[in-house]
Amino acid sequence: KDEKWSKDFDPKLQALLSDLEAGLGSVLRRPVSSREGSKSGGEDNLQGIVIPSDEFQFWAEIAEGRCKPNIKERAGHFTNLFQTIEKYYNSLDNLPLAEVVELVETTKETVDDVWRQTEHEPFSEHRMKHLLEIIGNALGRSVQKNLGAMNLWTDPFPVVKENLRAGISVCEQWTAACEYLTGQLWQRYTPHPWKNEKYFPEFLYKLGKRLEEVFTIRIMYEKLAHFLPTGEDRTQRYGK
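The residue numbers shown here count from 1 along each chain, following its written sequence. With pLDDT at 70 or above as the cut-off, local features in this predicted model cover only qualifying residues; side-chain atom pairs require 80 or more to be listed or tallied, and sums for whole chains, interfaces and linings still use all residues. Calculation of side-chain values draws on the structure's entire complement of heavy atoms; hydrogens and water are dropped beforehand.

### A look at the overall build of the chain
Next up, step 1: The numbering of helices and of strands both runs from the N terminus, where a helix is a DSSP run of H or I of at least 4 residues and a strand a run of E of at least 2. Counting secondary structure elements, the chain contains ten helices and zero strands.
Next up, step 2: Its helices and strands taken in sequence order, the chain reads α-α-α-α-α-α-α-α-α-α from the N to the C terminus.
Next up, step 3: For every residue, the accessible area obtained with a 1.4 Å probe (protein chains only) is divided by the maximum for its type, and the residue is called buried under 20%, exposed over 50%, and partly exposed between those limits. Per-residue burial over the chain gives 40% buried out of 240 residues.
Next up, step 4: The long-range share in the chain, meaning contacts at least 24 apart out of those at least 6 apart in sequence, stands at 70%.
Next up, step 5: The Shrake-Rupley method, run with a 1.4 Å probe, gives the accessible areas here. Residue values count only the displayed protein chains as cover. Accessible surface, the chain: about 14300 Å² in total, of which carbon and sulfur atoms supply 52%. We call two residues in contact whenever any of their non-hydrogen atoms come within 4.5 Å of each other.

Quick look at the structure:
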């Protein structure tokens, strides 16, 4: 995926590497799905589930595998619920921050639907906690990638301000969503209550706080610069 190397790689080699990556992921997930997704056998085994797309693929593989009908139907049900957000996480690297902000709310609704469904055996709490974590990590990486494409200290403030606000919003909204779902809503959901402590996405929370610091510093600079002398004197004294 790195442009620096992809230009020199033979297309066939790129295809082989992609196939190898997909194959290794499938092998890592196979011990779980081969046990028919049973909790005792492997549903809580999260080996190979590193990004949200791995989770979606996990259930798709069970739904298409040689399992008992009830296991396949349950996996298919989760697969259908995850389809609402799957395509967005598969292309998360290419989404602008404005769309990532919207994705947070959609993701919150989707995981809530997955947790509170009653048609089949409930979703594992251990697995859901892990899913909330890797979703938060993916959202954080997306924020970092988008903001990393600009210079937050020197680029025009209107552009920086808009993107910083969007990045902060992603971090704050997902942190709040996790706390609300696992600390309030799901704990009160009698058919399938959340039994452990609420989940707190520490990485995303800290990222949001750091972005707030950058935002505050940039605002202070803009306000100070407004009252400073213009021209060469200002550049020499404050340009750096």
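Having seen it, we continue.
### Points about the confidence of the model for the chain
Next up, step 1: The pLDDT averaged across the chain works out to 85; a share of 78% of its residues lies at or above 70.
Next up, step 2: Per residue, pLDDT measures the predictor's confidence, with a range of 0 to 100. When the elements of the chain are averaged for pLDDT, helix H10 (residues 232–238) gives the smallest value, 47, and helix H6 (residues 97–116) the largest, 98.
Next up, step 3: For the stretch residues 31–41, pLDDT sits under 50, and the model shows 23 contacts to residues farther than four places along the chain or on other chains.
Next up, step 4: Taken as a whole, residues 232–240 scores under 50 in pLDDT and shows six contacts with residues more than four places along the chain or in a different chain.

### A short note on the pattern of salt bridges
In a structure, side chains of opposite charge can pair up when their charged atoms sit close to one another.
Next up, step 1: Salt bridges, as used here, are contacts in which a Lys or Arg side-chain nitrogen is within 4 Å of a carboxyl oxygen on Asp or Glu. Under the criterion given, the structure shown has seven salt bridges.
Next up, step 2: Two residues, Arg116 and Asp112, come together in a salt bridge whose shortest N-O distance is 3.1 Å. Of this pair, Arg116 and Asp112 both sit in helix H6, four residues apart, which is roughly one turn of the helix.
Next up, step 3: By relative accessible area, which is 34% here, Arg116 ends up partly exposed.
Next up, step 4: Residue classification places Asp112 among the buried positions, given a relative accessible area of 12%.
Next up, step 5: For the salt bridge of Arg218 with Glu222, the shortest nitrogen-to-oxygen distance reads 3.2 Å. You can see Arg218 and its partner Glu222 sitting in helix H9 (residues 202–227), four residues apart, about one turn around the helix.
Next up, step 6: Residue classification places Arg218 among the buried positions, given a relative accessible area of 4%.
Next up, step 7: Glu222 sits in the partly exposed class, given a relative accessible area of 27%.

### Describing the packing of aromatic side chains
Next up, step 1: Note on aromatic pairs: the rings of Phe, Tyr and Trp (six-membered ring only in Trp) are paired at centre separations within 6.5 Å, and the planes decide the class, stacked below 30 degrees, edge-to-face beyond 60, tilted for the rest. What the rule picks out here adds up to eleven aromatic pairs.
Next up, step 2: Considering the side-chain rings of Trp186 and Trp194, the 5.8 Å spacing of their centres and the 35 degrees angle between planes classify their relative orientation as tilted. Here Trp186 and Trp194 have matching classes, each one buried.
Next up, step 3: Aromatic rings pair up to connect Phe56, Phe58, Trp59, Phe78, Phe82, Tyr89 and Phe123 into one cluster.
Next up, step 4: Any Lys NZ or Arg CZ found within 6 Å of a ring centre and within 35 degrees of that ring's normal is scored as a charge over the ring. Across from the ring centre of Tyr189, 5.6 Å away, lies the NZ or CZ of Arg116, which sits over that ring.

### A look at helix H7 (residues 125–148)
Next up, step 1: End to end, H7 covers 34 Å across 24 residues, agreeing with the expected 34 Å (1.5 Å per residue, within 8%).
Next up, step 2: Sitting at the head of H7, Ser124 places a side-chain oxygen 3.3 Å from the backbone nitrogen of His126. Expected helix span is given by 1.5 Å per residue-to-residue step, counting one fewer step than there are residues. By the criterion applied in these results, polar contacts are pairs of N or O atoms within 3.5 Å in which, for protein atoms, one can donate a hydrogen and the other can accept it, and in which residues neighboring in sequence qualify only through two side-chain atoms.

### Re the packing of H6 against helix H8 (residues 157–185)
How two helices pack is summed up by the angle between their axes together with the distance between the axes.
Next up, step 1: The axes used here are C-alpha line fits, helices contributing only the stretch in contact, and every angle between their N-to-C directions lies in the interval 0 to 180 degrees. For the pair H6 and H8, the least separation of the axes is 8 Å and the interaxial angle reads 10 degrees. Taken as axis vectors, H6 and H8 run roughly parallel relative to one another. Contact residues: H6 offers Leu97, Val100, Val101, Val104, Thr107, Lys108, Val111, Asp112 and Arg116, while H8 offers Asn163, Ala166, Gly167, Ser169, Val170, Gln173, Trp174, Ala177, Tyr180, Leu181 and Leu185.
Next up, step 2: Three classes are used: nonpolar for Ala, Val, Leu, Ile, Met, Phe, Trp, Tyr, Cys and Pro, charged for Asp, Glu, Lys and Arg, and polar for all others, with Gly counted as polar. When grouped by side-chain class, the residues that make up the contact of H6 with H8 number twelve nonpolar, five polar and three charged. Oblique is the label for every angle not falling under 35 degrees (roughly parallel), over 145 degrees (roughly antiparallel), or within 65 to 115 degrees (roughly perpendicular).

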